[in-house]
Every structure is written in C-alpha cells, then in structure tokens.
2 protein chains.
Amino acid sequence: MLRDSRWENVLESAARLFSAQGFAATSVRQVAEGADITKAGLYYHIREKEDLLLSICEHSISQILEGARAALAAAEDDPVAGLSALIGVHTDFFRARPENLIVLSRERDRLSAGPRRRIARLEHAYLDLIRGVIAEGQRQGVLKAVDPTVAAFLLLSMLNGLDAWYRPDGKVTPDQLVRQIEAIYFTGLGAAGTEAPRRRRQPRRAR
Amino acid sequence: MLRDSRWENVLESAARLFSAQGFAATSVRQVAEGADITKAGLYYHIREKEDLLLSICEHSISQILEGARAALAAAEDDPVAGLSALIGVHTDFFRARPENLIVLSRERDRLSAGPRRRIARLEHAYLDLIRGVIAEGQRQGVLKAVDPTVAAFLLLSMLNGLDAWYRPDGKVTPDQLVRQIEAIYFTGLGAAGTEAPRRRRQPRRAR
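Residues numbered from 1 in each chain as written. Chains lettered and ligands numbered in written order. Predicted model: local features only at pLDDT ≥ 70, side-chain atom pairs only at ≥ 80, totals over all residues. Heavy atoms only, no water.

Draft legend 1. Main features of helix H8 (residues 148-160) of chain A. Residue and element names in this part refer to chain A. Its 13 residues place the ends of H8 18 Å apart at the C-alpha level, agreeing with the 18 Å of an ideal helix rising 1.5 Å per residue. Of all 13 residues in H8, eleven are buried; the element is thus mostly enclosed. The complete set of buried residues in H8 reads Thr149, Val150, Ala151, Ala152, Phe153, Leu154, Leu155, Leu156, Ser157, Met158 and Leu159. With a side-chain oxygen positioned 2.8 Å from the backbone nitrogen of Thr149, the residue opening H8 is Asp147. (Helix = DSSP H or I, 4+ residues; strand = E, 2+ residues; numbered from the N terminus. Expected span 1.5 Å × (residues − 1). Buried < 20%, exposed > 50% of the residue type's maximum accessible area, 1.4 Å probe, protein only. Polar contact = N/O pair within 3.5 Å; in protein donor to acceptor, adjacent residues only side chain to side chain.)

Draft legend 2. The relation of the copies chain B and chain A, seen in detail. Superposing chain B onto chain A takes a rotation of 180 degrees combined with a translation of 0.0 Å along the rotation axis, leaving an RMSD of 0.0 Å. Here the symmetry operator amounts to a two-fold rotation axis. Proximity to the rotation axis, assessed at the C-alpha, singles out Gly188(B) in chain B; its C-alpha lies 1.8 Å from the axis. Of all interface residues in chain B, 100% are interface residues in chain A too; the two copies therefore contact each other through one and the same surface. (Least-squares fit on C-alpha atoms with pLDDT ≥ 70 in both. Contact = heavy atoms within 4.5 Å.)

Draft legend 3. A look at the layout of surface pockets. In this structure, the largest pocket occupies an estimated 1,300 Å³ of space. At the level of secondary structure, the elements contributing two or more residues to the lining of the largest pocket comprise helix H4 (49-74), helix H6 (98-107), helix H7 (113-140) and H8 of chain A together with helix H4 (49-74), helix H6 (98-107), helix H7 (113-140) and helix H8 (148-160) of chain B. Among the elements that take part in the lining of the largest pocket, H7(A) stands out by supplying seven residues, more than any other. When the residues that make up the lining of the largest pocket are grouped by side-chain class, the tally is 22 nonpolar, 14 polar and 13 charged. (1 Å grid on protein atoms, 1.4 Å probe; cavity = no way out; pocket = protein on both sides within 12 Å on 5 of 7 lines; lining within 4 Å. Points joined across faces, edges and corners; volume = space filled by probe spheres on them. Nonpolar A, V, L, I, M, F, W, Y, C, P; charged D, E, K, R; others polar.)

Draft legend 4. Expanded view of the interface of chain B and chain A. Facing 70 residues of chain B, the contacting portion of chain A comprises 70 residues. With both sides pooled, the region where chain B packs onto chain A buries about 6,200 Å², and carbon together with sulfur makes up 57% of that total. At the boundary of chain B with chain A, the tally comes to six salt bridges. The tally of links between chain B and chain A comes to 24 residue pairs in polar contact (both at pLDDT 80 or more). Listing elements by their share of the side of chain B that touches chain A, those giving two or more residues are helix H1 (2-21), H4, helix H5 (79-96), H6, H8 and helix H9 (174-187) of chain B. Residue composition of the side of chain B that touches chain A, by class: 33 nonpolar, 15 polar and 22 charged. (Buried area = accessible area lost by both parts, 1.4 Å probe. Salt bridge = Lys/Arg side-chain N within 4 Å of Asp/Glu carboxyl O.)

Draft legend 5. Inspection of the packing of H4(A) against H7(A) at higher detail. Residue and element names in this part refer to chain A. Contact geometry for H4 and H7: axes closest at 10 Å, N-to-C directions at 15 degrees. On the basis of their axis angle, the class for H4 and H7 is roughly parallel. Two packed elements cross with a definite hand, and for H4 against H7 that hand is left-handed. Residues Glu50, Leu54, Cys57, Glu58, Ile61, Ser62, Ile64, Leu65, Ala68, Arg69 and Leu72 of H4 form the contact with H7, whose own contacting residues are Pro115, Arg118, Ile119, Leu122, Glu123, Ala125, Tyr126, Leu129 and Val133. (Axes fitted to C-alpha atoms, helices over the stretch in contact; angles between N-to-C directions. Parallel < 35°, antiparallel > 145°, perpendicular 65-115°, else oblique. Left-handed = near helix turned anticlockwise from the far one by under 90°.)

Draft legend 6. Expanded view of the confidence of the model for chain A. Residue and element names in this part refer to chain A. For chain A, the mean per-residue pLDDT works out to 91, and 94% of the residues sit at or above 70. The secondary-structure element of chain A with the lowest mean pLDDT is helix H1 (residues 2-21), recorded at 89, while helix H2 (residues 28-35) shows the highest, at 97. Contacts of residues 199-207 to residues separated by more than four positions or lying in other chains number 19 contacts, the stretch itself having pLDDT below 50. In the predicted complex, the global pTM is 0.89; the interface-specific ipTM is 0.87. (pLDDT = per-residue confidence, 0-100.)

Draft legend 7. Highlighting the environment of Lys39(A). Residue and element names in this part refer to chain A. Its location among the elements puts Lys39 in helix H3 (residues 39-42). For Lys39, a relative accessible area of 34% puts it in the partly exposed group. Here the alpha-carbon distance between Lys39 and Arg29, two residues ten residues apart in the chain, equals 5.5 Å. Ignoring sequence-local partners within four residues, the contact set of Lys39 consists of Val28, Arg29 and Ala32.

Draft legend 8. Inspection of the side chain of Thr91(A) at higher detail. As for its placement among the helices and strands, Thr91(A) is situated in helix H5 (residues 79-96). Contacts of Thr91(A), omitting those with residues within four sequence positions, involve Leu159(A), Leu162(A), Leu177(A), Val178(A) and Ile181(A).

Draft legend 9. Quick look at empty space enclosed by the protein. If you walk through the whole model with that rule in mind, you get three cavities of 30 Å³ or more. Computed from the structure, the largest cavity encloses a volume of approximately 60 Å³. The wall of the largest cavity is formed by 13 residues, among which Ala24(A), Glu107(A), Arg110(A), Gly22(B) and Glu107(B) lie closest to the centre. When the residues that make up the lining of the largest cavity are grouped by side-chain class, the tally is five nonpolar, four polar and four charged. Considered as a void within the structure, the second largest cavity measures approximately 50 Å³ in volume.

Draft legend 10. Summary view of the nonpolar core. Ranked by internal contacts, the top residues of the largest apolar core, which has 130 residues, are Leu83(A), Tyr185(A), Leu83(B) and Tyr185(B). When near neighbours in sequence (up to four residues on either side) are disregarded, Leu83(A) contacts Leu72(A), Ile130(A), Val133(A), Ile134(A), Leu143(A), Leu155(A), Tyr185(A), Phe186(A) and Leu189(B). (Core = buried A, V, L, I, M, F, W, Y, C linked by side-chain atoms within 4.5 Å.)

Draft legend 11. A look at the pattern of salt bridges. Residue and element names in this part refer to chain A. Scanning the model with the defined rule gives 30 salt bridges over all chains in all. Here Arg97 makes a salt bridge to Glu8, at a shortest N to O gap of 3.5 Å. Here the residue Arg97 occupies a position in the loop between H5 and H6, and Glu8 occupies one in helix H1, the gap between them amounting to 89 residues. Given the relative accessible area of 24%, Arg97 is considered partly exposed.

Draft legend 12. The arrangement of the packing of aromatic side chains in detail. Residues and elements named next belong to chain B. Here the structure, examined in full by the defined rule, presents ten aromatic pairs over all chains. Aromatic side chains Phe18 and Phe23 sit 5.1 Å apart centroid to centroid with 80 degrees between the ring planes, which places their arrangement in the edge-to-face category. An identical accessibility class is assigned to Phe18 and Phe23; each is buried. Seen in terms of ring centroids, Phe94 and Tyr166 are 6.4 Å apart; in terms of plane orientation they differ by 45 degrees. Their pairing is tilted. Note that Phe94 is positioned in helix H5 and Tyr166 in the loop between H8 and H9, a separation of 72 residues in sequence. (Phe/Tyr/Trp six-rings, centres within 6.5 Å; stacked < 30°, edge-to-face > 60°.)

Following this line, the structure appears as structure tokens:
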C-alpha cells in the first residue's frame, strides 16, 4: 500500500520532469528528489531511467485504450456516439494527466527498440479501434467515405495536440471543448451549405 | 556562397539529429560530423548548441508564416479558399522539411526563455492569421460560429500532427491528404445530414 503510493509519486515526479525538461535532460536524482525519496530508494523500483519513461507511456496509452473500449461498448452500434464518447475519454485523460500525455507524445521516441515496440502495439490497437468505428460508420452510411486511417489520425492529432494550447481553467470549459471538437470533426467548420473548396487554381503551389 | 551552403548542411544535420534523438541527447560534435565539418568549424557559425535549435525553429515558423501570408493575400476575400491555401502551405513545408517541423513542435520548449519568446511571437502571429481568417469567414456567414481560437488550434494540431503518421510516399498522396484534411475540416466526417451527437447520457464520464 505504502509502496504503491510511493511509486505513484515517483511516476508523477518523472512525468512532471520529463514533460518540462525532456527525458534526456532529466536525471534519476531529480526524479527521486521530486518524489521525496532517496536515489537508492528509487532504484528499489526501477533498473534504469528508461523504466520510468516506459511506465508513463504504457500507463497513458493503456488507460486511454481501456476507456475507449468501454465507451465504444456502451455506445453499442452507434459509431457517431462511439467516436464522441471516445473524444470524451481522451480529453478526460488529458485533463487528469496532461503531463503523461505530453510525455507519451513527445518523449516516447526516446525509448529503446523493445519498449518502443510495446508502446507502438498499444497505440496501434487504439488506432485500429478508431479506424474500426469509422469504417462501421461508413458502412452504415452515417460517415463520409474518406480514408479511415486519415480520418482516425486527424482525430488523434486534434486530441494529442491539446497540450500545446488548451488550458482547462481558461475561457473554454472542458465540456465546451468537447462539443467544439465534435462540431468540427463531425460537421466541419463550414456553415451549412459551405463546401470544401475545389476551385482554386493551385494557389498552394505558389510559394 | 560556400559558407551559406555549409551552414545549410549544418542545419540539416542538426534537424536530422534533433528530430531523431532529441536536442538534449545530441552533441555539437555529432552535428559537425553529420555536416562533414570539424567541431571548430561549426563553432565558427554558432556560439552554442542552442543557436542551432533556435535557427531551425525560427526558419520553420518564419517560412510557414510567410507562405501563409502570401496564400491569404492571393485568396483575397475568400476565407475558405484562404484557409485551404494555408493548409497547402503548411503541408508543403512538412513534405519539404519534415524534420524541421518535428524539431519545432517537439523540441522548441528546450529553448531558454529569450529564444523561446522569439519563437512564441512568430507562432502567435501565425495563430492570429488563422484566427483572423476564421473570424472573417464567420462574419461572411460561410463558417460556423465556433470559438475561432479553438478552430484555429484544431487545424494547427491536424497539421502539426502529420509527422506522427503521414508518409508522403505511402498510399495517400499529398494531394489526397490535403483534400481529405479539407473535407473533414470544412464539412466534417459526418455524411450529409449526420449531426454531432447531443443525445448521449454522459457516456464519457463512465470511466
């Protein structure tokens, strides 16, 4: 019991430091100090610094994956409701553990090959889940026929990009945020009747 | 002339290493080796390693900002065409310099306070540009009344997230990618008549 809460403190300290300074620039000593234990005490829990990074990444993606699976099961056969619930799960995790998500998205490539693959497998499972719901929505005719992989990654990018700008205590409340993400993702930024432009004469090659 | 192309090599070497290993884990010696010059030769161009990071970040955001301004000017008073051209500019830069964009988005927080502010000012100018077009589209009634800041950041997240998944030589061509981003951003993933869900009984609090 005591040990669990100490381990929690260690992971929180590591997530705080890795997200602020990066994994490479953080020492095990700093993590120990942040968790208020000795360096020797910290080495009781880990073999090396990388174990901390792996734990944070694994915890983050596992929690989101598990939440997403439950949300999709609850939404049963409604892909739009399912995706919407999944947006909620991901943003809820971001609110609860912003530093963990920052570490997952910016520092996971610092993992060595084996641990990196473990995280990649979980991320792939999450991606597959999202792609599956999108494909199901397309089969039901409620979602547009864009590439499900592209659509899934664009959603993931919006969710994983939150740390760069969103502050839950700012003027946009978390509920408003979720509603605005849904509005844009499902119905687009265009007013009713506005179409994605086709007519440009390649202006984006101009430069 | 000779010096310019050597400096270009240095920045390319630095961007390659910083994006692959992170700024903190990369030594000046490695950057010099990657650019095929001596460490002393490299110090002819810089005072310290941070100068390389600043140059890469500044170049990336300046190029995008300049391209975006030109694209918007070319689109004149059509906000949808303007945003669409801006999506093209950003994805073109990503295709040309993926490593620079990775460094900008993942490593800029490694900059010390002064340089970080310089980059933040440029990023803010880019954000303001996007928000301005969105607000203009809302005034004209062609864009939906969501918070322009949220809408701008969601677009930026989709664009800055490309490095995590998109490969220009994969099955989705760059032109298809731009069209799919536009389709989702302007008209949403929902098929015609699909609405963003309102009806759920808070499933996303379930976990």
